[in-house]
Amino acid sequence: MFEKLRKEVPMLLQRLDLESDLRLKQVCELLKNTVPHYDWVGFYFKNGDKEELKLGPYAGSPTDHTVIPFGKGICGQVAVSNKNFVVPDVKAQDNYIACSITVKAEIVVPLFINGENIGQIDIDSNTPNPFTEEDERFLEFVNEEVAKMLRSKLPLNC
Ligand code: SME
């Protein structure tokens, strides 16, 4: 499953006929529809110069949490730590922002451009304790591919 996705995700991200936000949305849909334990898939990005994350493209139920201050919730903690955060059981977390009562577990992997943490991919799962190192390596790969696409859209001196 992840092997096939490792081929499909870069192909989608290189679709020059689609706006970059639409490419990211289609990546979210592809992941959500292919991986049985991915029930909500979305990207958050740093909101300009502010110390907060803003929701970007996503697949799954709409969420009220479109802006998350740095440090708050799993996402806000990853914005500060620059490290993957795997949550096998969301009930065991104090600093957690609940989006839906069906969610049992979450994984957040930061997205770097030129070494700077500019956002993250966030996955919610309705399955308890579903994430392994395979998910972490795969999501790091997805973010590297997204970073390549976003870098190609920056002015040449960035
Ligand atoms: N649960 C996240 C909030 C975002 S939703 O999962 C879409 C958190 O604790 O940061």
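Below is a summary of the structure that appears in this document. (Residues numbered from 1 in each chain as written. Predicted model: local features only at pLDDT ≥ 70, side-chain atom pairs only at ≥ 80, totals over all residues. Heavy atoms only, no water.)

**What about the pattern of salt bridges?**
Side chains carrying opposite charge are able to pair once their charged atoms draw close together. Put simply, the test is: Just to be clear on terms, a salt bridge is a Lys or Arg side-chain nitrogen sitting within 4 Å of an Asp or Glu carboxyl oxygen. For helices the rule is a DSSP run of H or I covering at least 4 residues; for strands it is a run of E covering at least 2, with both sets numbered from the N terminus onward. Burial status follows relative accessibility: with a 1.4 Å probe on protein chains alone, a residue under 20% of its type maximum counts as buried, one over 50% as exposed, and anything between as partly exposed.
Counted by the stated rule, this structure contains seven salt bridges. Put simply, Lys4 and Glu8 hold a salt bridge, and the shortest N to O gap is 3.2 Å. Of this pair, Lys4 and Glu8 both sit in helix α1 (residues 2–13), separated by four residues, roughly a single helical turn. For Lys4, a relative accessible area of 55% translates into the label exposed.

**Side note on the pairing of strand β1 (residues 40–46)**
Note the threshold: Should DSSP find at least two bridges between two strands, the strands are taken to pair.
Burial analysis of β1 places six of its seven residues in the buried class, which makes it a mostly covered element. Pairing analysis gives six bridges linking β1 to strand β6 (residues 116–125), with the strands arranged antiparallel. Bridged to Gly42 within β6 is Asp122. Hairpin connection of β1 to strand β2 (residues 52–59): five residues between the antiparallel strands, including Gly48 at a positive phi of 60°.

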